[in-house]
Amino acid sequence: MIHPVDTILSLVLLSVLFSLGTSHLTGLIRFVAFQGVVVSIVPFFIGHEMTGGGLLFTMVTLWIRGVVIPLSIYLVIKRVAIRREVEPIIGYHASLFAGLVLIVAASVVSYKLNVPLIMKSALLIPTAITILVTGMFLLMARRNAIAMVLGYIMMENGIYLVGTTFSTRAHHIVEFGILLDVLAGVMVMAIILQNIKQKFDVVDTAVLRTLKE
Amino acid sequence: MIEILMLAPFLTGIMAFFLPRSSGRALLVLTGAFHLGLSVLIWIKRPVALFPDYFAVTPEGLLSLLVISLLFFLIAIYSTGYLKAAKIKSEHIFTGSMLIFLATMTMVTMSDHIMVMWIAIEATTLASAPLIYTHRTKASLEATWKYVLICSVGIAMALLGSVLITLAMDIGKVDAPVSFSALTSVAKQLDPTWLKAGFVFIFVGYGTKMGLAPMHTWLPDAHSEAPSPASALLSGVLLNCAYLGIFKTNKIMHAAGLGDFSGTILIVFGLISIIAAATFILKQTEYKRMLAYSSVENMGIIAFGTGIGGIGAFGAIICLIHHSLIKSSLFLTSGNILLGYGSGLIEKTGRLAKLMPKSFVAFFGGFAGISGFPPFGIFIGELFIIVGAFRTGHFFVAGIFILSLCVIFAGFANQVMKISFHDTTAEEIKITEKASMVWPQYALLLTSIVLCFWLPDSLYQTIIDAVATIGGGY
């Protein structure tokens, strides 16, 4: 039987492919926001006990991962990016192909891992691994600084999904601390992005190559 | 009491954002003094934390805490003079970030919960980012960007590693708090495969922040572009904080009987760092970058010693303490040189011994100390590490270790001679050497000398306690 959570997770996998294939920053941001929403509501569907505190925490996570973080980057794009291209180092077709290979590899690996799961979702671990690695891929394969920050956010989303999949023992207060750190990190990066735009007039990291050795 | 130690600098840091220049500087020194006093009190009393799930007073944490406190106090005194001479535009952001940075580093030393440790270390990255961008130049912006991105991505790996360790607990059916001290005592029941995976990710993550090669690329940029008091803090204590994360995880590995696995990783990456530093120091043209690479080298030495274990681990802790003292003094003096000559390039300096005699004494003393000459403590630390390596039969790696240290000494000495004695085009020195800008360095170097001859019993015992799990001690 197909687990209900697998339905939305398959959409996430699709969004991963789209985010690899898109050339526009605004498109990329939408996919990242969608992934943020899904990874925050996954605990609803799996075996976590839903206490009042848990519910509140899920809402806060949803708000921060799905709305605040993507919105803050979106505002940066509106303010700084004239050319809204992600400026790929590795082309879109190659990226898409890499994404497909990645999804297959993630599925194979997660079957081999033999982790005792909290619930019988076939897609949970493959999706977590895929998001994580795609985030890293975007960090390396895009020259645009904003696209790199989005890659970082994707990576964090992936790690959060790994965390909720593997373990139910985390305290909400600790999780909240992690969330706050990620949020603060994205804010700091947003400020740096604006400064890069002011100093260099572009957000292409090719200009950030003067310090060597 | 422990919580006050974290909260006080945080609150004064927020205050400092709104204060005028002179009172901001005074606040920096006062908070430093208060923090040092309280740290000494905690050292003596060893109190229990208010939230024992998350925080605890551990021997290795106490050692780092005392080093942080002492360094911050002396650096704060230096900063009063430096800030007057350097004329930084947004000084309130600098002082505020320094204080919040202190708060986050204190939190690292006190963290016992694995995730809280991660939160604290990531917070140090964010608090120190504004410090690197203090000068508002293109180069400093680039350094800040690299620092925040590389460290955040690196540390995200450590978060993944921490998650994997909780997985190792689930599979091993361990019901204990997710804290380093609890895990060390139940380490044998953890699932070894996932524990190993967790260690690898945590090592890569915190190793990035610690500046181990080949993940060190952000370090020379950040340390050379930051204003000197901030560089001294980054190099002197921030790297120790990241090391603390690796050290504590390594303790779990040893307790679980996987010490060989983690030890080999530490030795290999330690050696790579030392060799990488040696190649870059030889052809360095800027003195602050040279000091930064020397930090990479010393972190390599410390990782190497920890990997050797036994007396080598004892030596690593000695190196850790003395590297903090000596390297921060060197970075502070490099601030004087930068202000005096107005350039970071080695070729623009020269005749330091004649032109800035007081700074020269501090710089040359620091150079002797960092190269491992007696009577400075690094000599003893490195000696212990080499003895440890021979005792455990690591003859080949010990040979590479010694050879690399010789190369680094040669490169370092060459550059220091140029700065100290070569002719210069500089007509005059732009600052006067005020007492507040040389005495902190003297105090740091003196502490290193004193600790070399006389290690107080309580300090000795704390180091022994810290390395007991990894077979430390004589």
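Preceding this paragraph is the structure being described.
In this text the structure is predicted, and so the values were computed from the model without any measurement. (Residues numbered from 1 in each chain as written. Chains lettered and ligands numbered in written order. Predicted model: local features only at pLDDT ≥ 70, side-chain atom pairs only at ≥ 80, totals over all residues.)

Draft legend 1. Here's a closer look at the overall build of chain A. The secondary structure content of chain A amounts to 7 helices and 0 strands. Judged by the C-alpha coordinates and their principal axes, chain A covers about 50 × 35 × 35 Å. Per-residue burial for chain A yields a buried fraction of 42% across its 213 residues. In chain A, the share of contacts with a sequence separation of at least 24, taken over all contacts with a separation of at least 6, comes to 76%. (Helix = DSSP H or I, 4+ residues; strand = E, 2+ residues; numbered from the N terminus. Buried ≥ 20, exposed ≤ 12 C-beta atoms within 10 Å, placed from the backbone. Contact = placed C-beta atoms within 7 Å.)

Draft legend 2. Broad picture of the interface of chain B and chain A. Contacts between the two partners involve 30 residues from chain B and, on the opposite side, 30 residues from chain A. When residues of the side of chain B that touches chain A are traced back to their parent elements, those giving at least two are helix 5 (114–132) and helix 6 (138–171) of chain B. With 19 residues, the single largest contributor to the side of chain B that touches chain A is helix 6 of chain B. Tallied by class, residues from the side of chain B that touches chain A come to 21 nonpolar, 4 polar and 5 charged. (Nonpolar A, V, L, I, M, F, W, Y, C, P; charged D, E, K, R; others polar.)

Draft legend 3. Seen up close, helix 10 (residues 228–255) of chain B. All names here are of chain B. Between its first and last C-alpha, helix 10 extends 40 Å over 28 residues, near the 40 Å set by a 1.5 Å rise per residue. The principal kink in helix 10, of about 35 degrees, is found at Leu234. Where helix 10 terminates, the next one or two residues include Gly257, which has phi positive at roughly 80 degrees. (Expected span 1.5 Å × (residues − 1). Bend = angle between axes of the 7 residues up to and from the residue.)

Draft legend 4. Examining helix 18 (residues 439–453) of chain B more closely. Residue and element names in this part refer to chain B. Taking 1.5 Å of rise per residue, 15 residues should cover 21 Å, and helix 18 covers 21 Å from first to last C-alpha, within 8% of that figure. Among all positions in helix 18, only Pro440, Gln441, Leu444, Leu445, Thr447 and Ser448 are buried. Considered in projection along helix 18, the buried side chains sweep an arc of 150 degrees and stay on one side of the axis. Tucked inside the fold, the buried residues of helix 18 contact helix 3 (59–86), helix 13 (311–341), helix 15 (357–370) and helix 16 (377–391). (Arc of directions from axis to C-beta.)

Draft legend 5. Focus on the nonpolar core. Ile146(A), Val149(A), Leu150(A), Leu193(A) and Ile317(B) are the most contacted members of the largest nonpolar core, which totals 236 residues. Among the elements that make up this core, the one with the highest residue count is helix 6 of chain B (20 residues). Contacts of Leu193(A), omitting those with residues within four sequence positions, involve Val76(A), Val80(A), Ala145(A), Ile146(A), Val149(A) and Val203(A). (Core = buried A, V, L, I, M, F, W, Y, C linked by C-beta atoms within 7 Å.)

Draft legend 6. Up close: the packing of helix 4 (residues 92–113) of chain A against helix 5 (residues 124–141) of chain A. Residues and elements named next belong to chain A. Where helix 4 meets helix 5, the axes come as close as 9 Å, and the angle between the chain directions of the two elements is 145 degrees. Handedness of the crossing formed by helix 4 with helix 5: right-handed. Of helix 5, the residues touching helix 4 (which contributes Ser95, Ala98, Gly99, Leu102, Ile103, Ala106, Ser107, Val109, Ser110 and Leu113) are Ile125, Pro126, Ile129, Thr130, Val133, Thr134, Phe137 and Ala141. When the residues that make up the contact of helix 4 with helix 5 are grouped by side-chain class, the tally is 12 nonpolar, 6 polar and no charged. (Axes fitted to C-alpha atoms, helices over the stretch in contact; angles between N-to-C directions. Left-handed = near helix turned anticlockwise from the far one by under 90°.)

Draft legend 7. Here's a closer look at the packing of helix 12 (residues 287–308) of chain B against helix 13 of chain B. All names here are of chain B. As a packed pair, helix 12 and helix 13 sit with axes 8 Å apart at the nearest point and diverge in direction by 175 degrees. Regarding the angle of helix 12 to helix 13, the classification is roughly antiparallel. For the pair helix 12 and helix 13, the contacting residues are Tyr287, Lys288, Leu291, Ser295, Asn298, Ile301, Ile302, Gly305, Thr306 and Ile308 in the first and Gly312, Ala313, Gly315, Ala316, Cys319, Leu320, His323, Lys327, Leu330, Phe331, Ser334 and Ile337 in the second. Looking at the contact of helix 12 with helix 13 residue by residue, the classes come out as 12 nonpolar, 8 polar and 2 charged. (Parallel < 35°, antiparallel > 145°, perpendicular 65-115°, else oblique.)

Draft legend 8. Representation of the environment of Phe363(B) within the structure. Residue and element names in this part refer to chain B. On the secondary structure map, Phe363 appears in helix 15. The class of Phe363 is buried, set by 25 C-beta atoms lying within 10 Å. Each C-alpha atom, one on Phe363 and one on Phe331, is 8.9 Å from the other, the two residues being 32 residues apart in sequence.

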